[in-house]
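Reading the structure
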Amino acid sequence: GDEIIQIGAVRVVGGRVLTGEGVEWLVNPGRPIPPGSIKFHGLTDADVAHEPPIQDVLPEFKAFVGDAVMVAHNAAFDMKFISMKERRAGVKFDNPVLDTMMISAMLDGGEEDHSLDALCERYGFSIGGRHTALGDTMGTADLLIKLIDRLEAKGIATFGEVMAASNMAAELRHRSAVVSHSSVAGG
């Protein structure tokens, strides 16, 4: 039942975050924003009352993204919302997607906390504007740069290698959870 009310994006090129190219869109969800959500991100109905609907914003976002690799933290969450609105907006996001949460889990194992806040603390930086689309986007971009350094140190240098390694790590975590659940359920 949640709706997109904000989208943020920034370009990362050659291991650098191009902060001057960060963009953010506010979106009118066409319905009241729940009070619990307002406490989380601070946006009110008045903030988005005169903003465009998602079907107008997603084409602009797609134009910014183009065919580039999209990066998000907990990408499945964001991509679910985008995919639900693609048809109405007349766009298709078939871009490759990297998930910084999955990359972190691949590098550090499933026992660690892979939340964006925990990773920022672990890597020694903070996010300005936390829980805003652009603030979280900038934090995710900074995190990506740190993760790329670690991936390269492990000999993982291409998008395909990252995808293969993170997919393998995800599959191993899934199998471990299934085995663990089976042994608990059967025990």
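Here the structure is a predicted model, which is why all the values come from computation and not from measurement.

**A closer look at the nonpolar core**
Grouped together as the largest cluster of nonpolar side chains are 18 residues, with contacts concentrated most on Ile 7, Leu 58, Phe 61, Ile 82 and Phe 93. When contributions to this core are tallied by element, the ones reaching two or more residues are strand 1 (6–13), helix 3 (54–65) and helix 4 (75–89). The greatest single-element share of this core, amounting to six residues, is contributed by helix 3. In this structure Ile 82 touches Ile 4, Leu 58, Phe 61, Met 70 and Phe 93, once residues within four positions along its chain are discounted. The next biggest cluster of nonpolar side chains, apart from the first, holds 16 residues, and it includes Tyr 123, Phe 125, Leu 147 and Ala 165.

**Description of the confidence of the model for the protein chain**
Looking at the protein chain, the pLDDT average stands at 88 and 88% of residues meet or exceed 70. Averaged over each element, pLDDT in the protein chain is lowest for helix 8 (residues 159–186) (62) and highest for helix 3 (97).

**Focus: the side chain of Thr 140**
As for its position among the elements, Thr 140 is in helix 7 (residues 133–153). Ignoring anything within four residues of it in the chain, the contact list for Thr 140 reads Val 71, Ala 72, His 73, Thr 100 and Leu 116.

The rules behind these values
- Residues numbered from 1 in each chain as written.
- Predicted model: local features only at pLDDT ≥ 70, side-chain atom pairs only at ≥ 80, totals over all residues.
- Heavy atoms only, no water.
- Core = buried A, V, L, I, M, F, W, Y, C linked by side-chain atoms within 4.5 Å.
- Buried < 20%, exposed > 50% of the residue type's maximum accessible area, 1.4 Å probe, protein only.
- Helix = DSSP H or I, 4+ residues; strand = E, 2+ residues; numbered from the N terminus.
- Contact = heavy atoms within 4.5 Å.
- pLDDT = per-residue confidence, 0-100.

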